Amino acid sequence: MSRIGKKPVELVKGVSATISGQTIEVKGPKGTRSFTATDDVTLSLENDAVKVSPRGTSKRARQQWGMARSMVENLVIGVTTGFKKELEIQGVGYRAAMAGNVLKLSLGYSHEVNFDVPKGVTVAVPKQTEIVVEGIDQQLVGQVAANIREWRQPEPYKGKGIRYKDEYIFRKEGKKK
């Protein structure tokens, strides 16, 4: 039995959920999100909590049970607190700045990199060497942060590049004389 799937997802104050068939829509202070579950699970609303249960005992039904419950929990977290990824830039002359809806990155290339911020995500630059990506969709926030990081991934010799705030870069020793 799924340990994750057994737990109901509590709806905190200010959050409402509506279920129609296999689709659940969650509304909260930060916005509205929806998720369509597969036919292997059943979604039900009981006592201000969303309960997910499998429709059979097949392996796929048990897999979808825990996954669907996690997706519903991510909807609730997204519309209440939101998701956040913090990036930091390391390197001489590497910096970031926001200009409207465009993130301008100076990363040692011969040109400045312009990154268009997609809808549903907000990008802030508190310092020239810090980037904060926020939104209500966990997948979109993570993908935008990964796309920004992709422009200059941290290298193992000097540690220069764009990294996640809590990321550890395994450093290598250079050539020996």
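Structure's up top.
The shown structure was predicted, so the numbers you read here are calculated from the model rather than taken from an experiment.

1. Some details on the sheet that holds strand E1 (residues 9-10)
Taken in spatial order, the three strands of this open sheet run E1-E6-E5, and their pairing is antiparallel. Bordering the open sheet on either side are E1 and strand E5 (41-45), each of which pairs with just one other strand. Of the strand pairs in this sheet, E1 and strand E6 (residues 49-54) are connected by two bridges, and their pairing is antiparallel. Each residue of the ladder has a partner; that of Glu10, found in E6, is Ala49. On top of the sheet, helix H2 (residues 59-80) reaches E1, E5 and E6; it is set at about 165 degrees to E6, its chief contact.

2. Things to note about the environment of Ser70
Structurally, the position occupied by Ser70 is in helix H2. Spatially, the C-alpha atoms of Ser70 and Asp48 are 17 Å apart, while their sequence positions differ by 22 residues.

3. Considerations on the nonpolar core
By size, the foremost hydrophobic cluster in this structure holds 20 residues, and its most contacted members are Ile89, Leu103, Leu105, Val123, Ile131, Val133 and Ile148. Looking at this core, the elements with two or more residues in it are strand E7 (83-90), strand E9 (102-106), strand E10 (113-116), strand E11 (121-124), strand E12 (130-135) and helix H3 (138-150). Here this core gets four residues from one element, more than from any other, and that element is H3. Those residues within four positions of Leu105 in sequence are excluded, and the remaining contacts are Ile89, Arg95, Ala96, Glu112, Val113, Ile131, Ile148 and Trp151. Among the nonpolar cores identified, the runner-up in size contains 18 residues, and Ile24, Phe35, Ala37 and Val41 belong to it.

4. Quick word on H2
The first and last C-alpha atoms of H2 sit 33 Å apart over 22 residues, in line with the 32 Å expected at 1.5 Å per residue. Along H2, the residues that are buried comprise Ala61, Gln64, Trp65, Gly66, Ala68, Arg69, Val72, Leu75, Val76, Gly78 and Val79. Gly82 sits one or two residues past H2 and shows a positive phi near 85 degrees.

5. Comments concerning unusual backbone geometry
Within the chain, Asn47 stands out as a residue other than glycine whose phi angle is a positive 50 degrees. For Asn47, the position within the fold is in the loop between E5 and E6.

6. Some words on the pattern of salt bridges
Proximity of charged atoms lets side chains of opposite charge pair with each other. Evaluation of the coordinates by the stated rule reveals nine salt bridges. Between Glu173 and Lys176 there is a salt bridge whose closest N-O contact spans 3.8 Å. Lys176 matches Glu173 in its accessibility class, with the two residues each being exposed. Because the salt bridges share partners, they merge into one network encompassing Lys127, Glu130 and Lys165.

7. A look at H3
In this model, H3 (13 residues) spans 18 Å end to end at C-alpha, consistent with the 18 Å of a helix rising 1.5 Å per residue. All of the buried residues in H3 are Val141, Val144, Ala145, Ile148 and Arg149. Angular distribution of buried residues about the axis of H3 spans 135 degrees; they occupy a single face of the element. Residues of H3 that are exposed and point over 90 degrees away from its buried face: Gln139 and Glu150. At its buried positions, H3 is contacted by E7, E9, E10, E11, E12 and strand E13 (161-164).

8. Focus: the packing of aromatic side chains
Enumeration according to the criterion identifies zero aromatic pairs in this entry. Just above the ring of Tyr164 sits the side chain of Lys85; from NZ or CZ to the centre is 5.3 Å. Above the face of the Tyr109 ring, Arg152 is positioned so that its terminal group lies 4.3 Å from the ring centre.

9. Quick notes on the pairing of strand E3 (residues 23-28)
Remember that side chains alternate between the two faces of the sheet whenever the strand is regular. Here strand E2 (residues 16-20) pairs with E3 via five bridges, running antiparallel. When the sheet's bridge partners are listed, Ser16 is paired in E3 with Lys27. Counted along the chain from E2 to the antiparallel partner E3, the turn is two residues long, and its residue Gly21 has a positive phi close to 70 degrees. The turn linking E3 back onto strand E4 (residues 31-36) is made up of two residues.

Analysis parameters
- Residues numbered from 1 in each chain as written.
- Predicted model: local features only at pLDDT ≥ 70, side-chain atom pairs only at ≥ 80, totals over all residues.
- Heavy atoms only, no water.
- Pairing = 2+ DSSP bridges.
- Helix = DSSP H or I, 4+ residues; strand = E, 2+ residues; numbered from the N terminus.
- Contact = heavy atoms within 4.5 Å.
- Axes fitted to C-alpha atoms, helices over the stretch in contact; angles between N-to-C directions.
- Core = buried A, V, L, I, M, F, W, Y, C linked by side-chain atoms within 4.5 Å.
- Buried < 20%, exposed > 50% of the residue type's maximum accessible area, 1.4 Å probe, protein only.
- Expected span 1.5 Å × (residues − 1).
- Salt bridge = Lys/Arg side-chain N within 4 Å of Asp/Glu carboxyl O.
- Arc of directions from axis to C-beta.
- Phe/Tyr/Trp six-rings, centres within 6.5 Å; stacked < 30°, edge-to-face > 60°.
- Lys NZ or Arg CZ within 6 Å of the ring centre and 35° of its normal.

What is shown is where atoms sit, not what they do.
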